Every structure is written in C-alpha cells, then in structure tokens.
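Listed below, chain by chain, are the residues.
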Amino acid sequence: MSQGTETFSIPGHPAQITNHGRNWTNLNDKVDSKVFRENDGLQRNPHNATKVYLISGDHELYITEDGGENWRKTSIALTEDDKRRTYVEDTLEFHSEADYDNHIAVVSNKRELHVTYDNFRKTEVIQKQVHAVKWGTYESNSADCLYVTVGEFSNPFLSLGPEVLDLQRYNRKTDTWTTVLKRVTVFDIKGKFMYASIFKNEKVTTMEDDKLMMISSDGGTTWDEAKVPTINGDRFYSVMDMSEGLIFMHVDNPGDTGYGTLYTSSDNGLLYSESLQHHLYPNGNTAHDFYKIESIRGVFLASQMGWDKSIHTVITYNRGGEWKNVSRPLGSECKNDEKVLVILGGKCPQGFS
C-alpha cells in the first residue's frame with residue numbers, strides 16, 4: 001500500500017498493512033500492560049519487520065511474528081525457578097543473513113551466551129564469560145558460525161591490568177569451538193571482512209599498551225596485520241564500514257583533538273590509503289558523523305573539523321576516493337564562511353574548498 005493511502009483499523013486489532021503512523025492501536029492488553037525498559041526495550045528483526053521484540057522492566061520477553069496481531073511471552077531462563085536470576089541484558093544479536101532470520105544470540109546478565117534457532121521457542125546456553133557476540137556471514141563462508149570474545153570479568157576497583165580476551169568461533173555444524181585470535185579488545189564482522197584490535201605484545205600491562213589492527217577475509221582462519229599506524233595511549237581505531245568490498249577505518253589523532261584520519265583499504269583489507277583528514281570523531285564518544293547512502297553504491301557522507309573547530313559536511317561518490325563539500329541550502333544562514341581556505345601542513349585538506 002502506498003504512502004498516503006487510507007486504511008482502517010478493526011477495534012482491538014492492529015492493521016496488518018501499516019499506514020505510516022496515521023492510526024494507532026493500543027496493544028497493552030496483549031502484553032499484560034507491562035512497562036518496558038527504556039534502553040532497547042523494543043527491537044525489530046532487521047530481516048522481517050513483522051517480528052518485534054519487547055523486553056519488560058521485570059525481564060519478560062514478548063514476541064510477535066505478525067506485526068502485533070498476536071504476542072507470546074517467553075524467557076531465556078532454562079527453568080521456571082531461574083527466570084528472575086537469568087535475563088536479557090544486552091541487545092539481541094540478530095543473524096547477519098536474511099535466510100537465518102530466526103537465529104538470535106543473547107548475552108544474559110550472567111554473561112552466558114544463549115542461542116535460539118527458532119525465534120525463542122527453544123534456547124540453549126553454549127558459552128560462558130562472554131563479552132561480545134557476532135554472527136558469521138555468507139561472504140566469509142561462516143554463516144553457520146558464531147564469534148565471541150571470552151575472558152574473566154575483573155573487578156575494576158581491584159584489577160591490576162586490562163581484561164585480555166580470546167576471540168572464539170563456534171561452528172554449529174560440527175558443534176566445535178576454536179580460538180582464532182588472542183589479546184583481543186574489540187572485533188566485528190561484515191561481508192567478507194572481519195577485524196579485531198589486539199594488544200601488540202603478549203604481556204599486557206595497561207589499556208594504554210600498543211595495539212594492532214588485524215584483518216581476516218576467511219572467517220577468522222587466517223589473520224594479517226592492517227597497514228595502518230600502531231595505536232597507543234588514548235588513541236583508538238574505529239571501523240566505519242565494510243560493506244562495499246573495502247574497509248573504511250578511522251584512526252584517531254594523538255591527543256584529545258576530537259578528530260582523526262579516515263583511511264580506505266585495498267580489496268584484501270590490508271593496505272590503506274588516506275581518504276579524509278580531520279574526520280570528526282570525538283574521543284571517548286561513540287557518536288560520529290559517517291553515513292552510508294544505502295540506495296546508491298559508493299556514496300558516503302562524513303563530517304570534517306576545521307582549524308577553527310567548525311564542522312563541515314562532505315560527500316564522496318567513489319568510496320572515499322574524493323570528498324567534496326556539501327553546500328548549505330540557498331538562502332539559509334550559516335555561521336561559518338564556506339569559502340574560507342583552511343591551510344594545514346602547507347596544503348588544503350580534502351573536503352575543504
């Protein structure tokens with residue numbers, strides 16, 4: 001049904017065909033009039049919009065598979081007696097591939113990894129001491145695999161060093177676990193690429209120790225070091241996108257500058273070229289301005305910080321090969337003069353004109 005088309009709602013029943021918020025139906029009686037948690041209390045299956053998940057303040061999980069027409073209540077606890085002691089703590093981790101839309105991983109408050117392959121009709125615990133979890137992908141030949149970082153959870157007030165984690169791969173077909181990388185801090189997988197930031201030296205003393213970025217394109221079986229600067233101190237890596245056959249990677253500048261350099265990789269994800277200087281990314285903040293235009297291949301938007309701390313929006317049409325300013329709408333007021341020439345290092349950085 002196209003936007004703007006009139007629809008009707010049967011009293012007590014949500015419309016099966018949405019009308020972009022024109023009509024709303026109260027569903028409280030179908031979910032026991034629960035109050036749902038503020039953070040991630042409502043989540044939607046990315047592969048099927050009719051599958052929605054509600055998590056209540058008292059840890060009940062409500063699921064609909066028909067857009068709200070019917071709901072069922074469940075729990076990740078394995079027994080009735082354990083319901084109040086075992087519950088969803090993090091966000092639901094949906095499988096990366098649409099063919100596996102009923103495959104969902106959950107890390108509980110006990111840091112146990114619960115997995116369901118039938119949309120929570122049955123769950124099982126397959127690992128403990130889990131920090132993070134991701135599903136494999138078709139492109140990396142790992143769609144039947146789960147990846148987790150595991151390690152002891154230390155008391156931050158008593159710990160003498162950082163948490164050093166192992167990256168493990170679970171293969172459902174063979175029901176086996178394999179440690180694929182050690183000394184891991186963060187990791188992710190998308191498309192054919194998998195990345196992990198690891199401590200450079202085997203003996204780790206503090207979070208300030210040097211870190212390397214490792215890349216795999218075969219689901220974690222083999223790894224190679226990415227040719228980007230080694231990170232130390234308060235600097236960080238951040239992979240911005242891996243969806244178009246290359247990797248966009250932000251490397252933080254030394255000091256608390258709030259910006260860094262954006263690099264793009266070769267097809268194998270190992271060799272990197274500078275794409276955009278002064279890419280906005282405040283230290284210690286997960287908020288940044290880097291967006292992929294989903295409907296047009298190769299087009300991305302980013303924000304760039306000027307010498308005067310002003311922020312400029314830039315756009316690329318060729319996967320980071322060139323960046324151009326996005327001009328303000330005609331007739332609108334703007335605090336900054338778009339024609340100011342910013343000289344850094346004897347040349348004008350990409351994105352400024």
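What counts and what doesn't
- Position labels on residues start from 1 in each chain and follow its written sequence.
- pLDDT decides what is reported in this predicted model: residues at 70 or higher carry local features, side-chain atom pairs at 80 or more are listed and counted, and totals for whole chains, interfaces and linings draw on all residues regardless.
- Here the side-chain values reflect all heavy atoms present in the structure, with hydrogen atoms and water set aside.
- Put simply, DSSP H or I for four residues or longer makes a helix, DSSP E for two residues or longer makes a strand, and each gets a number counted from the N terminus.
- When accessible area is computed with a 1.4 Å probe and restricted to protein chains, residues below 20% of their type maximum are described as buried, those above 50% as exposed, and intermediate ones as partly exposed.
- Contacts are assigned to residue pairs with any non-hydrogen atoms lying within 4.5 Å of each other.
- All accessible areas in this document rest on Shrake-Rupley with a 1.4 Å probe, and a residue is counted as covered only by the protein chains that are shown.
- Pairing of aromatic rings covers Phe, Tyr and Trp, the last through its six-membered ring, and needs centres within 6.5 Å; plane angles under 30 degrees mean stacked, over 60 mean edge-to-face, and all others mean tilted.
- At least two bridges found by DSSP between two strands are what make those strands a pair.
- The salt bridge definition used is simple: a Lys or Arg side-chain nitrogen within 4 Å of an Asp or Glu carboxyl oxygen.
- Residues belong to one nonpolar core when they are buried, are Ala, Val, Leu, Ile, Met, Phe, Trp, Tyr or Cys, and are joined through side-chain atoms within 4.5 Å.

If you look the chain up in an unreviewed UniProt entry, it shows as Sortilin from Elysia marginata.

*Asks:* So what exactly am I meant to see when it comes to the overall build of the chain here?
*Replies:* Along its length, the chain carries 0 helices and 23 strands. Looking at the chain residue by residue over its 353 residues, the buried ones come to 45%. In the chain, the proportion of contacts linking residues at least 24 apart, taken out of those at least 6 apart, comes to 39%. Here the chain displays about 19,200 Å² of accessible surface, and carbon together with sulfur accounts for 48% of that area.

*Asks:* Just checking my understanding: could you explain the packing of aromatic side chains for this structure?
*Replies:* Each pair of aromatic rings is reported with the distance of its centres and the angle of its planes. Counted by the stated rule, this structure contains 9 aromatic pairs. Both rings, one in phenylalanine 236 and one in tyrosine 281, keep their centres 5.1 Å apart while their planes meet at 65°; by these two values the pair is edge-to-face. Note that phenylalanine 236 is positioned in the loop between strand E15 (224–225) and strand E16 (237–241) and tyrosine 281 in the loop between strand E19 (272–280) and strand E20 (290–292), a separation of 45 residues in sequence. For phenylalanine 236, a relative accessible area of 18% translates into the label buried. Ring plane angle 55° and centroid distance 5.2 Å describe the contact between phenylalanine 248 and phenylalanine 290, whose orientation is recorded as tilted.

*Asks:* Explain the sheet that holds strand E5 (residues 93–94) here, please?
*Replies:* Each strand in a sheet pairs with its neighbour through backbone hydrogen bonds, running either in the same direction (parallel) or in the opposite one (antiparallel). With antiparallel pairing, 4 strands are arranged side by side in an open sheet as E5-E6-E7-E8. Looking at which strands have only one partner, the edges of the open sheet turn out to be E5 and strand E8 (124–127).

*Asks:* It is not clear to me how the pattern of salt bridges should be interpreted in this structure. Could you clarify?
*Replies:* Close approach of charged atoms lets side chains of opposite charge pair. Evaluation of the coordinates by the stated rule reveals 14 salt bridges. Of the charged contacts, one joins aspartate 188 and lysine 134 as a salt bridge, the two residues approaching to 3.9 Å between their closest N and O atoms. Of this pair, aspartate 188 sits in strand E12 (residues 176–190) while lysine 134 is found in strand E9 (residues 130–135), placing the two residues 54 residues apart along the sequence. You can call aspartate 188 partly exposed: its relative accessible area is 23%. The network of salt bridges with common partners includes Glu65, Arg72 and Arg121.

*Asks:* What should I look at first to understand the environment of serine 327 in this one?
*Replies:* Structurally, serine 327 can be placed in the segment after strand E23 (324–325). Sequence-wise, serine 327 and threonine 313 are 14 residues apart; in three dimensions their C-alpha atoms are separated by 8.1 Å.

*Asks:* Can you walk me through the pairing of strand E13 (residues 193–199) in this structure?
*Replies:* With 7 of its 7 residues buried, E13 lies for the most part within the structure. Here E13 shows no split at all, with Phe193, Tyr195, Ser197 and Phe199 on one side and Met194, Ala196 and Ile198 on the other all buried. Two strands pair when backbone bridges link them, and E12 and E13 are joined in this way by 6 bridges, in the antiparallel orientation. When the sheet's bridge partners are listed, aspartate 188 is paired in E13 with tyrosine 195.

*Asks:* What is the right way to look at the sheet that holds E12 in this model?
*Replies:* In space, the 7 strands of this open sheet follow the order E9-E10-E11-E12-E13-E14-E15, with antiparallel pairing throughout. Of all the strands in the sheet, the pair left with one neighbour each is E9 and E15. Pairing between strand E14 (residues 211–216) and E15: 2 bridges, direction antiparallel. Residue pairing across strands places isoleucine 215 opposite aspartate 224, the latter belonging to E15.

*Asks:* Would you mind going over the environment of threonine 91 with me for this structure?
*Replies:* Of note, threonine 91 is situated in the loop between strand E4 (72–74) and E5. The partly exposed category is assigned to threonine 91, whose relative accessible area is 36%. As for threonine 91 and alanine 105, which are separated by 14 residues in sequence, their C-alpha atoms are 9.2 Å apart. The contact partners of threonine 91, leaving out residues within four places of it in the chain, are Asp40 and Gln43.

*Asks:* How should I be thinking about the nonpolar core in this particular structure?
*Replies:* It is characteristic of soluble globular proteins that their nonpolar side chains tend to be buried jointly. With 16 residues, the main nonpolar core has Met213, Ile215, Val228, Ile247, Met249 and Tyr272 as its most contacted residues. Elements that contribute at least two residues to this core include exactly E13, E14, E16 and strand E17 (248–252). Once residues within four sequence positions are removed from consideration, isoleucine 247 is found in contact with Phe193, Ile215, Val239, Asp241, Met242, Tyr263, Thr264, Ser265, Gly269 and Tyr272. Residues Cys145, Tyr147, Ala196 and Met214 belong to the second largest nonpolar core, which totals 14 residues.

*Asks:* Can you help me understand the side chain of threonine 264 in this one?
*Replies:* Residue position: threonine 264 is located in strand E18 (residues 259–265). Classification of threonine 264 by relative accessible area gives buried; the value is 11%.

*Asks:* Sorry, what's going on with unusual backbone geometry here?
*Replies:* Most peptide bonds take the trans configuration, and most residues that are not glycine carry a negative phi. Backbone geometry places aspartate 32, a non-glycine residue, at a positive phi of 60°. Structurally, aspartate 32 can be placed in the segment before strand E1 (42–44). Of note in the backbone geometry, lysine 309 takes a positive phi value of approximately 70° without being a glycine. Mapped onto the elements of the fold, lysine 309 is located in the loop between strand E21 (300–305) and strand E22 (311–316).

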